[in-house]
Amino acid sequence: MNNTESLNVDNAEIAKFEALASRWWDRESEFKPLHDINPLRCNYIDERAFLAGKKVLDVGCGGGILSESMAQRGADVTGIDMGEAPLNVAKLHALESGVDIDYRRITVEQLAEEMPEQFDVVTCLEMLEHVPDPAAIIAACQRLVKPGGYVFFSTLNRNPKSYLFAIIGAEYILRLLPAGTHDYHKFIKPSELTRWARTAQLDVVDMTGMTYNPIRKTYALNAKDVSVNYMVTTRKAGSTSQ
Amino acid sequence: MTTINVDIAILGAGMTGASLVHLLRPALAQGLTIALLDRQALQWQGDVQSRPPSFDGRATALSFGTQQLLDRLGVWSTVASSACAIEHIQVSDQQRFGQTHLHASEQGVEALGYVIENAQLGAGLLNPLRNLSGVQCLAPSAVDHVQMNEQGAYLRLNDGRTVQATLLVMADGGRSPLAQQLGITYQRQSYGTHALVTQVESLQAHDGWAYERFSREGPIAFLPLSSHQYAVVWTLNNDVVDDVLALDDATFLARLQQQIGHRVGRLQSVGERLSYPLALVTSTEQVRRSLVLLGNAAHSLHPVAGQGFNLAMRDCARLAEHILDQVRRGGQVGDLAMLQRYQQAQASDQRNTIAASDVLPKLFASDRGLLALARDGGLIAMSALPTARRLFARHAMGLGQKATQIG
C-alpha cells in the first residue's frame, strides 16, 4: 500500500511514530506513561469485556503494548496500525514475549469491509486524536464488532485544562504519548465522542478519567475526572451469540 | 495426562504461600481446593541440613501483629518454644548522642516482636498442611508454562502434568520468572549495599534486647535468638562485603564488635555468613483476572526495619479475607473486581511500609551534616516524647495498620 492520501490517515502523524518506534518498549523512554498506565487500562477492559477466550481487535496498536497485555490475559488478538516501523517493532517484540498476535498494516475502514462483525471486543486507545475523521473510525469499529460486543475508546479531552497541560508540558500531565505527537485542536470532548458513538449505534455504557498523582507518581482511573485523558466503554446492540 | 483441577494454585510453598493456605482454611472446610506447588521437595520437619532456599539459615523478625495472626491460626503454639520475644529495642547511632529505647511493658504488650529462624517457622507452617483436606502438594515440581484462559490459569509442569486453576497465586519469590512470562515486569532500585546475615554468640545473655545500630559501616540489627545468641543483619557497602565475608572468625567478630559496641556483651563465636544484594524490587502490577502476586513476587524490601515478611502476612490476610467473603457469597475466586478491591484495600499499607523501608536506610547511610543532625534530633526527640515513641513502636510492631478480620 503506497498511497494512503485518500485514506482516513494523517501521514505526518504516522511519520512522528515511525521516528520513535525503536523506543516503544523502553520503559524509561517517552513511552513510560503508556507502559505505566497499561495494566490499569487493560484490567478496566478485562473487567467489562472478559478478555480470555475472546477474539479482540486492537485498532492503532502501535508497538503493541495493549495488544500483548490482552493476549497475555488469554485473548486472541489482532492488532492493526498504519505505521510500518511500529508494526515491525510490535511483531519482533511479540516473538520475544512468546505471544501469538496477528499484526496487520491496514486501515480500520478497510478491515471493516473484510471482516464485518468478526470480533467480540474492539479497542481503540490514543488513536482518535491522530486521524482526520474520528467519527468514521468509530463507525468502522462498530461494523467490526459482533452484536452485543464491546468497543473501548480513549482519547484526550479538549478544554482549557488539557490545553494548558499540553502546552506547558508540566510533569503532572498524563501525557500518554511523547511531546509533539499531539495537536490540541484534534482533542475530543466527551460530548463529541459520545455523539459520534451514538450516531454509529454504539451505546455508551461507562466513562472514566485517567489521572496522575505527581507526588506518589502513580496513575489511577477516576470516574469523576475526565478533564484530561478519558476512556469510554461502548456496546453494540444485540445479544452475544457464542 | 490428566489435568489437576483446583480452585486456587499457589506457586511457592515458602512462608508466604504456606501462610495463605492457613488463612484459607475456613474456605477449605467449605470445599475449596488448593494446589501448593514448589520447586523443592517440602521439608515438613524444617530439616536444617537441606532447607529449601526460602527456609534457609536466616531468621525473621515477626511483628506483634504477625505473631497475633499466627496465634489465631493455631501455628504459634507449635513454634513459640523456638521463638524469642523482643522485650526491649535500643536504636542508636554510632558516635552520636541520639539513642532511644522501646519497652514492651511501656506499650502494654508482652513483646515488641519475636525472632524466629525461618526453618522453624517454615516447619510450623508446613506441617499442619500435610493432611489438610482439599490441599494437594505438588512438590518438587516446576511450572514450565502458564497460559491464562476462560477458566483461569492453565499451568504446564515439567513432569508433564497440567493444572487448571481458577485463581493463580504467585508467591514464588523475587522477580518471579513466571510473572515475567505474562509480561509483568519489575522495577529494581539498588541500594548499593549487601546484607550480611549470620548468627553470633555473646558471653552475656541478651535478656530480650534487640539492637538497631546505625554504624559508620552501615546499619546493623542484632535480634535475640536463644539465650546468648543473636541473629545479625549487617548492611555493608558493595565494595567491602566480600572482604568482610572472607575475614577469619576472630577478625570478623572484632570488627563487628567495634561497630555494634559493647552493650551486647563480648562476642565469642559466629555461624555461617551469607550475603545478598539489597534492593527495593516491586512488580509493575499485582492483580489481573485470576492472578495475584504475593510476598517477594510483589515487593521485596530493604530488611532494615524487618517489615518485608510482616507486610507479606498482612497482604495474605487481606487477600484471604476477600477470597473467603467471595466464597461465602458463592462468587468466583478469580473475579477481577474482587482482586482489585483487595489491592485497593492493601494499597496504603504497602505504600507506607515500602516508603518507610526505603527512606530509613537512605537517611542513615548518608553522612551529610543536615541528615545526621535530623536523625540525631529525631532519635533524641523520640526518646523524650512518649507519644512519638509509642507511634514508632506501633509501626515496628506492625500494629499501625487496621487489623484484618481473619479468625
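> Is there a simple way to think about the overall build of chain A in this case?
A count of helices and strands for chain A gives eight helices and eight strands. Across the 242 residues in chain A, those meeting the buried criterion constitute 56%. When contacts within chain A are restricted to residue pairs at least 6 apart in sequence, long-range pairs at least 24 apart make up 73% of them. Carbon and sulfur atoms make up 50% of the accessible area of chain A, which totals about 10,300 Å².

> What exactly am I supposed to notice about the interface of chain B and chain A here?
Reports often express the size of an interface as the amount of accessible area lost when the parts come together. The interface is formed by 18 residues belonging to chain B together with 14 residues belonging to chain A. Each partner contributes to the roughly 1,400 Å² buried at the junction of chain B and chain A, and carbon and sulfur atoms together form 44% of this total. Together, B:Glu150, B:Arg288 and B:Arg289 form the three largest contributors to the area buried by chain B at its contact with chain A, with a combined 34%. Linking chain B with chain A are two salt bridges, by the criterion used here. For the salt bridge of A:Asp46 with B:Arg289, the shortest nitrogen-to-oxygen distance reads 3.3 Å. Where chain B meets chain A, there are four residue pairs in polar contact (both at pLDDT 80 or more). Breaking the side of chain B that touches chain A down by element, the ones donating at least two residues are strand S9 (143–149), strand S18 (287–288) and helix H11 (336–365) of chain B. In terms of residue count, the dominant contributor to the side of chain B that touches chain A is H11(B) (four residues). Per-class residue counts for the side of chain B that touches chain A are five nonpolar, eight polar and five charged.

> So what exactly am I meant to see when it comes to the sheet that holds strand S1 (residues 55–59) of chain A here?
Strand pairing in a sheet takes place through backbone hydrogen bonds and is either antiparallel or parallel in direction. Residue and element names in this part refer to chain A. One open sheet accounts for eight strands, arranged S3-S2-S1-S4-S5-S8-S6-S7; its pairing is mixed. In this open sheet, the two edge strands, each paired with only one partner strand, are strand S3 (102–104) and strand S7 (218–222). Pairs of neighbouring strands in the sheet enclose a mean axial angle of 20°, with direction left out of account. Those strands touched by helix H4 (residues 84–97) are strand S2 (76–80) and S3, and its axis lies near 165° from that of S3.

> Explain helix H1 (residues 11–20) of chain A here, please?
Structural remark: α-helix, 3.6 residues per turn; residues separated by three or four positions point the same way. All names here are of chain A. The set of residues buried in H1 consists of Glu-13, Phe-17 and Leu-20. Along the long axis of H1, the arc covered by the buried residues comes to 60°, so they all point the same way. The elements touched by buried residues of H1 are H4.

> Before we go on, may I ask you to explain the nonpolar core in this structure?
The nonpolar side chains of a soluble globular protein tend to be buried with one another. Counting residues in hydrophobic clusters, the biggest one holds 50 residues, and the most contacted among them are B:Ile8, B:Leu20 and B:Ile323. Among the elements that take part in this core, helix H10 (residues 308–328) of chain B stands out by supplying nine residues, more than any other. In this view, B:Ile8 contacts B:Leu24, B:Leu32, B:Thr33, B:Ile34, B:Ala35, B:Ala165, B:Leu167, B:Val169, B:Ile323 and B:Val333; residues no more than four positions away in its chain are not counted. In terms of nonpolar packing, the next biggest core, distinct from the first, is built from 30 residues, A:Met115, A:Leu128, A:Leu144 and A:Ile188 among them.

> Would you explain unusual backbone geometry in this entry?
One can expect most non-glycine residues to show negative phi and most peptide bonds to be in trans. A cis amide bond links B:Ala139 to the next residue, B:Pro140, at an omega of 0°. Within the secondary structure layout, B:Pro140 lies in the loop between strand S8 (135–138) and S9. Not every positive phi belongs to a glycine, and A:Glu126 is a case in point at roughly 55°. Among the structural elements, A:Glu126 can be located in the loop between strand S4 (119–125) and helix H6 (134–144). Judged by relative accessible area, A:Glu126 falls into the buried class, the value being 8%. Positive phi outside glycine occurs at A:Gln201, with the angle close to 65°. Here A:Gln201 lies in the loop between helix H8 (190–199) and strand S6 (202–213).

> Which parts of the structure should I look at to understand the sheet that holds strand S3 (residues 59–63) of chain B?
All names here are of chain B. If you trace the three strands from one edge of the open sheet to the other, you get S3-S7-S4, paired in antiparallel fashion. Looking at strand neighbours, the two that pair on one side only are S3 and strand S4 (84–86), the edges of this open sheet. On average, adjacent strands in this sheet sit at an angle of 30° to one another, irrespective of strand direction. Bridging between S3 and strand S7 (residues 113–117) involves five bridges; their strand directions are antiparallel. Residue Ser-63 lies in a different strand from S7, and its bridge partner there is Gly-113. Those strands touched by helix H6 (residues 118–126) are S3 and S7, and its axis lies near 90° from that of S7.

> Whenever I open this one, the domain arrangement of chain B confuses me. Can you help?
Residues and elements named next belong to chain B. Domains assigned within chain B are domain 1 (3–187 + 279–396) and domain 2 (191–278). Taken residue by residue, the interface counts 31 residues in domain 1 and 29 residues in domain 2. In total, about 2,600 Å² of surface goes out of reach between domain 1 and domain 2, with carbon and sulfur atoms giving 59% of it. The interface formed by domain 1 and domain 2 contains zero salt bridges. Put simply, the parts of the chain that give the side of domain 1 that touches domain 2 at least two residues each are S3, S4, strand S5 (88–93), strand S6 (99–103), S7, strand S17 (274–283) and H11. Ranked by the residues each element gives to the side of domain 1 that touches domain 2, the list is headed by S5, at six residues. Tallied by class, residues from the side of domain 1 that touches domain 2 come to 14 nonpolar, 11 polar and six charged.

> What is the right way to look at the packing of helix H1 (residues 15–23) of chain B against H10(B) in this model?
Residues and elements named next belong to chain B. For the pair H1 and H10, the least separation of the axes is 9 Å and the interaxial angle reads 35°. Pair H1 / H10 crosses with right-handed handedness. Taken together, the residues of H10 that come into contact with H1 (itself represented by Met-15, Thr-16, Ser-19, Leu-20 and Leu-23) are Phe-309, Ala-312, Met-313, Cys-316, Ala-317, Leu-319, Ala-320 and Leu-324. Of the residues contributing to the contact of H1 with H10, the split by class is 11 nonpolar, two polar and no charged.

Basis of the calculations
Residues numbered from 1 in each chain as written. Chains lettered and ligands numbered in written order. Predicted model: local features only at pLDDT ≥ 70, side-chain atom pairs only at ≥ 80, totals over all residues. Heavy atoms only, no water. Helix = DSSP H or I, 4+ residues; strand = E, 2+ residues; numbered from the N terminus. Buried < 20%, exposed > 50% of the residue type's maximum accessible area, 1.4 Å probe, protein only. Contact = heavy atoms within 4.5 Å. Areas by Shrake-Rupley, 256 points an atom, 1.4 Å probe, with all protein chains shown as cover. Buried area = accessible area lost by both parts, 1.4 Å probe. Salt bridge = Lys/Arg side-chain N within 4 Å of Asp/Glu carboxyl O. Polar contact = N/O pair within 3.5 Å; in protein donor to acceptor, adjacent residues only side chain to side chain. Nonpolar A, V, L, I, M, F, W, Y, C, P; charged D, E, K, R; others polar. Pairing = 2+ DSSP bridges. Axes fitted to C-alpha atoms, helices over the stretch in contact; angles between N-to-C directions. Arc of directions from axis to C-beta. Core = buried A, V, L, I, M, F, W, Y, C linked by side-chain atoms within 4.5 Å. Domains from an automatic or database assignment. Left-handed = near helix turned anticlockwise from the far one by under 90°.

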